[in-house]
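# Results of the structural survey
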Amino acid sequence: MAYRIRNLYPAIAMATFFALGGGTLDAQTLDSSDVHGEARQAQSSFELRRRMKLPVGQGNNGRCDVHIGNFCYWYDGDKVPLPGEPEEVVTLRRDFLDALARGADRLPGDEWIAGQRVRYYVEAGEADSATTVAEACVARTWWCEALRGYAHHAAGRFAAATTFFHRAYLRMSPAMKCVWEDLSPLLDEGDAGRYLSLDCKARRETNMRFLWFSDPFLGDTVNDILTEVHARQVMGRFQENSANAYGLGFAQDQAEMIMRYGWSVQWTRTGSGNRIQVQGHENRPAFTLAPDDWWDAGLGRVSLGPTWDLTNRRPHLRYAPAWVHRMVTLEDSQAGLFRRGDSTLVAAAYPVPDPPDFGPRSFAVMALSRDPETAPIVATGQIQGSTARMIGAAPWRPVLVDAAVRDTLAESLARSRFMVDPARLSTGSGRMSDILFLEADTLPVTLRDAIGVALSSTRVVEGTTIGIFWEAYDFGTGPVALSLLVVEAERPVNEHLGALRPMPVGKTPIRIAWTDDRPSWFPVQGNSLGVDLSRLTKGRYQLVVEAKLADGVVTRAVRQFEILEPPKE
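Heads up: these notes are all about the structure in this document. (Residues numbered from 1 in each chain as written. Predicted model: local features only at pLDDT ≥ 70, side-chain atom pairs only at ≥ 80, totals over all residues. Heavy atoms only, no water.)

## Re the packing of helix H1 (residues 32–52) against helix H2 (residues 87–106)
Between H1 and H2, the least distance of the axes is 10 Å, while the angle of their chain directions is 175°. As summarised for this structure, H1 and H2 are arranged roughly antiparallel, according to the angle between their axes. Residues Val35, Ala39, Ala42, Gln43, Phe46, Arg49 and Arg50 of H1 touch H2, and the partners they reach there are Val89, Leu92, Arg93, Phe96, Leu100, Gly103 and Arg106. (Axes fitted to C-alpha atoms, helices over the stretch in contact; angles between N-to-C directions. Helix = DSSP H or I, 4+ residues; strand = E, 2+ residues; numbered from the N terminus. Parallel < 35°, antiparallel > 145°, perpendicular 65-115°, else oblique. Contact = heavy atoms within 4.5 Å.)

Structure, rendered in structure tokens:
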């Protein structure tokens, strides 16, 4: 990931600065303004010297994904190797930090000095030293709490960072809180306009919802993208009225770059003489975690909406979690809803990606989250061969589901994320669950047995025979007329569990009818059936199970699926 300043000419004036070589500050001759001013000169000198020693980078070959003010932004992942930081810069930073420490001894309550010490310790990879400095902060309370949040976030202690950032927020003035909560740079143009029309309280509620959807992994107890956003706000304050590696004054365009993509942790240059261009490189790999169509998702609308594209080249928010270096979307998976009183069970099966990113230490987990304020319900599953399977219980309301495979050793995460709305299950005296596709020649009678043989995808190969499982609820007494249809789908398969069930359309290549005379006094009755799909050719289909009860009520369950050609040998 990189961005650069266009048409940047290097500064040639050398700022004076004090005591980087080991001089001392005389408290008797320097008043507080002198100490503060000399610390600023030291920072300017460090950044100028760093800029003069930047290693040469490869540039962007004319590519620019996004223009923001003077900046051109593009993302190249880990494809382009970066040169290491010159040892001279490491030494200069160490001397500068020593000078800042002496300034802090003379002026312990100075906010700018305290902030720069935390900033440059983190930049040097010394998060524990940054934490020590932040803990000793005696400046304004809210700023000290924010510095502690920043330092703990940099160290990967996200729960502690969340606590300190919240404390900082509570100690801000109302006007400052409103500025702190402005996340409009992270939204696309349509959502940003809607967002800016809200008052500060409504923005806060919207922020929590947006960051909930953008959480990298709901199976964790804390949302580190929340602390990342706050850390970016602190970094913006660090850079106000401060020098930087670009040689430009801090302005709105750089503030927006930091909020959207994070701050640079390394710099390179291209060109020479008076045509040098500086490129900043943020942490990588980074991912597009904010979904599309999130604003009204799950709020009683027919379409629950959100879709996630981790590789979007032009996002408004990109984040590189320190704990994961590979994150992928599980494209093939299947999940279903099954009713249990005032709760619903979510059953999911999905493939485990191949090694080396996912090895024997991988584990399966599914998080069910009802809203940003409520702790998610986390269920662990089993990995059998190349398939992960699990069941989780959720309240009877729209729920955000995060079904994932994680390998902490390889720092890899594969996830399938969607919303479910159990209200779409049929109501009245006749109700049916979703349909699960099963391995062939299996006829389970309970959901627990069915999930143990569930297929990891609703994409099957030509010539396949599968099993299916579904549940019936409160069918009452008397015979039930059942039918199974497989119909050609007239639209692409894009099944979201939160959508209303589609009606059968298209041609009907398979039709089976039978009568179930079993006693139906059980509130939950499992059903399974083998289905021969060998007559079907490549294409998209819908499998429909329909039940007509003795009292004339008709209910149905529908599963969309796709037939693929056999792989070529």
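Following the structure, the description resumes.
## Looking at the pattern of salt bridges
Counted under the stated rule, the structure contains 30 salt bridges. The residue arginine 119 makes a salt bridge to glutamate 47 at a minimum N-O spacing of 3.9 Å. Here the residue arginine 119 occupies a position in helix H3 (residues 111–123), and glutamate 47 occupies one in helix H1, the gap between them amounting to 72 residues. The exposure class assigned to arginine 119 is buried, which follows from its relative accessible area of 5%. Taking the shortest distance from any N to any O, the salt bridge between glutamate 85 and arginine 93 comes out at 2.4 Å. For glutamate 85, a relative accessible area of 37% puts it in the partly exposed group. Members of the salt-bridge network, linked through shared partners, are Glu47, Arg50, Glu85, Arg93, Arg119 and Glu123. (Salt bridge = Lys/Arg side-chain N within 4 Å of Asp/Glu carboxyl O. Buried < 20%, exposed > 50% of the residue type's maximum accessible area, 1.4 Å probe, protein only.)

## What to know about the side chain of serine 214
Mapping serine 214 onto the fold places it in the loop between helix H9 (200–213) and helix H10 (224–239). At 2.9 Å, the side chain of serine 214 forms a polar contact with the backbone oxygen of phenylalanine 210. With residues up to four places along the chain from it excluded, the contact list for serine 214 reads Ile225, Leu289, Ala290, Pro291, Leu317 and Arg417. (Polar contact = N/O pair within 3.5 Å; in protein donor to acceptor, adjacent residues only side chain to side chain.)

## Looking at the sheet that holds strand E19 (residues 480–488)
Spatial ordering of the open sheet is given by E17-E23-E22-E19-E20, a layout of five strands whose pairing is mixed. The sheet is open, and its two borders are formed by strand E17 (459–461) and strand E20 (510–516), each paired with just one other strand. Shown here is a sheet whose adjacent strand axes are inclined to one another by a mean of 25°, direction ignored. (Pairing = 2+ DSSP bridges.)

## As for unusual backbone geometry
Following arginine 284, the chain continues into proline 285 via a peptide bond in cis, with omega recorded as 0°. One can find proline 285 in the loop between strand E5 (277–281) and strand E6 (326–329). Following proline 355, the chain continues into proline 356 via a peptide bond in cis, with omega recorded as 10°. Looking at the secondary structure, you find proline 356 in the loop between strand E8 (343–351) and strand E9 (363–369).

## Topic: the nonpolar core
Membership of the largest hydrophobic core comes to 42 residues, with the highest contact counts inside it found for Val118, Trp143, Leu147, Tyr150, Val234 and Phe238. Those elements that place two or more of their residues in this core are H1, H2, H3, helix H4 (127–135), helix H5 (141–154), helix H6 (158–170) and H10. Residue contacts for leucine 147: discarding those within four places in its chain leaves Ala114, Gly115, Val118, Ala134, Cys137, Val234 and Phe238. Ranked by size, the runner-up nonpolar core spans 35 residues in total, among them Leu183, Phe210, Trp295 and Leu400. (Core = buried A, V, L, I, M, F, W, Y, C linked by side-chain atoms within 4.5 Å.)

## Regarding the environment of arginine 237
Its location among the elements puts arginine 237 in helix H10. With 122 residues separating them along the chain, arginine 237 and glycine 115 place their C-alpha atoms 8.7 Å apart.

## Regarding helix H11 (residues 252–261)
Of all 10 residues that make up H11, seven are buried, and the element is covered over most of its length. Among the residues making up H11, those that are buried are Asp253, Gln254, Met257, Ile258, Met259, Arg260 and Tyr261. Count one or two residues on from H11 and you reach glycine 262, which has phi positive near 90°.

## Observations concerning the state of the cysteines
What is meant by a disulfide is a covalent connection between two cysteines, made through their sulfur atoms. Scanning the model with the defined rule gives three disulfides in all. Linked covalently through their sulfurs, cysteine 64 and cysteine 72 form a disulfide whose S-S length is 2.3 Å. Overall, cysteine 64 belongs to the partly exposed group, its relative accessible area being 22%. One disulfide bridge connects cysteine 178 with cysteine 200, the sulfur atoms lying 1.7 Å from each other. (Disulfide = S-S within 2.5 Å.)

## Details of the side chain of serine 456
With respect to the secondary-structure elements, serine 456 resides in the loop between helix H12 (447–451) and E17. Judged by its relative accessible area of 19%, serine 456 is buried. Not counting chain neighbours up to four residues away, the residues in contact with serine 456 comprise Asp332, Ser333, Gln334, Ala349, Tyr350, Pro351 and Thr387.

## With respect to the environment of cysteine 200
Tracing the backbone through its elements, the reader meets cysteine 200 in helix H9. Among the residues examined, cysteine 200 registers a relative accessible area of 29% and is labelled partly exposed. Not counting chain neighbours up to four residues away, the residues in contact with cysteine 200 comprise Cys178 and Glu181.

## Things to note about the pairing of strand E18 (residues 465–473)
For a regular strand, the rule is simple: side chains alternate between the two faces of the sheet. When you tally the buried positions in E18, you get eight out of nine residues, the bulk of the element. Pairing between E18 and strand E21 (residues 524–532): nine bridges, direction antiparallel. Counterpart to phenylalanine 469 in the pairing with E21 is serine 528.

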